[in-house]
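For reference, the chains in residue letters:
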Amino acid sequence: IGAVTTMRLGIAIDFSTGKGWMRTNPGYDGASAGAWWNSGDPVAGTNPVFTITDTSRDWYFFYTCYVTGDFCEIIQDLNDFTYTSPTGFNGSGGG
């Protein structure tokens, strides 16, 4: 079995509390299937990786590829997701 070379980063944000969770795809960097970092659980609202403290503002997310030839893409359409979103979260940024 070859190494997983494509990373998918899943991010779930509860904009009402400002809590956020992250996970990578299974097999990338030793990640287990669907495991949220820090043993987090977006549905239960426990162990977020980060918290946005000012939820009254508009927030813009950005990212960068730092290796020549890397390809980066943000996918917000649920139909294009590879992994299932947590219950109560959606891909539009408004869930």
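Residues numbered from 1 in each chain as written. Predicted model: local features only at pLDDT ≥ 70, side-chain atom pairs only at ≥ 80, totals over all residues. Heavy atoms only, no water.

With that settled, the discussion passes to the packing of aromatic side chains. Scanning all chains against the criterion turns up one aromatic pair. Consider the rings of W21 and F89, whose centres lie 6.2 Å apart with planes at 85 degrees: the pair is edge-to-face. Of the two residues, W21 is situated in strand β2 (residues 19-24) and F89 in the segment after β3 (50-51); the sequence distance between them amounts to 68 residues. Classification of W21 by relative accessible area gives buried; the value is 1%. (Phe/Tyr/Trp six-rings, centres within 6.5 Å; stacked < 30°, edge-to-face > 60°. Helix = DSSP H or I, 4+ residues; strand = E, 2+ residues; numbered from the N terminus. Buried < 20%, exposed > 50% of the residue type's maximum accessible area, 1.4 Å probe, protein only.)

With that settled, the discussion passes to the pattern of salt bridges. If you walk through the whole model with that rule in mind, you get one salt bridge. One salt bridge in this structure joins D54 and R57, with 2.7 Å as the shortest N-O distance. For D54, a relative accessible area of 25% puts it in the partly exposed group. (Salt bridge = Lys/Arg side-chain N within 4 Å of Asp/Glu carboxyl O.)

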